[in-house]
Amino acid sequence: MTAKRNGARSTPDLLAPLNATSFAASQRLALEAARFWARRMHAYADQMEALSKCTSADDLMKAQRGFIDRMQQDYAEESEAFTQLLSSSAKADERPGT
């Protein structure tokens, strides 16, 4: 009862823009994560195909090296993408009136 009298009911209205911004940011992060995992799963499928075509130990090592190089590149790019998304979200939160 006292919460209603001291103005606590108006708090959700003050946080509505923040909640909308946070929701949009979380959706962008979820979409980026889904895209990343789709790319990685495609890379795993490509790796299985490449391994099935190997006829020597050298072929196997080259296929594995290519897979590992691609994985390192994918994770580095994804880390950069998440950093950009998070920094743009932080900037949007700092803007007055949003």
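Placed above this text is the structure.
Residues numbered from 1 in each chain as written. Predicted model: local features only at pLDDT ≥ 70, side-chain atom pairs only at ≥ 80, totals over all residues. Heavy atoms only, no water.

Engineer: Now, about the pattern of salt bridges: what can you tell me, with residues and values included?
Structural biologist: The full count for this structure, using the stated rule, is six salt bridges. A salt bridge links Asp46 to Arg70; the nearest nitrogen and oxygen atoms lie 3.2 Å apart. Residue Asp46 is found in helix α2 (residues 11-52), and its partner Arg70 is found in helix α3 (residues 57-94); the two are separated by 24 residues along the sequence. Taken together, the salt bridges that share partners define one network made up of Glu32, Arg39 and Glu78. (Salt bridge = Lys/Arg side-chain N within 4 Å of Asp/Glu carboxyl O. Helix = DSSP H or I, 4+ residues; strand = E, 2+ residues; numbered from the N terminus.)

Engineer: Hey, could you go over the packing of aromatic side chains for me, with residue numbers and the actual values?
Structural biologist: By convention here, two paired aromatic rings are described through the distance between centres and the angle between planes. All chains considered together, the criterion is met by four aromatic pairs. A ring pair is formed by Phe36 and Tyr75, whose centres lie 4.9 Å apart and whose planes are at 75°; its orientation type is edge-to-face. Highlighted residues: Phe36 in helix α2 and Tyr75 in helix α3, separated in sequence by 39 residues. By relative accessible area, which is 4% here, Phe36 ends up buried. When its relative accessible area of 38% is taken as the criterion, Tyr75 is described as partly exposed. Relative to Tyr75, the ring of Trp37 has its centre 6.5 Å away and its plane inclined at 80°; by these criteria the two rings are edge-to-face. Placement of Trp37 in helix α2 and of Tyr75 in helix α3 is noted, with a sequence separation of 38 residues between them. The exposure class of Trp37 is partly exposed, given its relative accessible area of 43%. In this arrangement the basic side chain of Arg40 is found over the ring face of Tyr44, its NZ or CZ atom lying 5.3 Å from the centre. (Phe/Tyr/Trp six-rings, centres within 6.5 Å; stacked < 30°, edge-to-face > 60°. Buried < 20%, exposed > 50% of the residue type's maximum accessible area, 1.4 Å probe, protein only. Lys NZ or Arg CZ within 6 Å of the ring centre and 35° of its normal.)

Function cannot be read off these values alone, since they describe shape.
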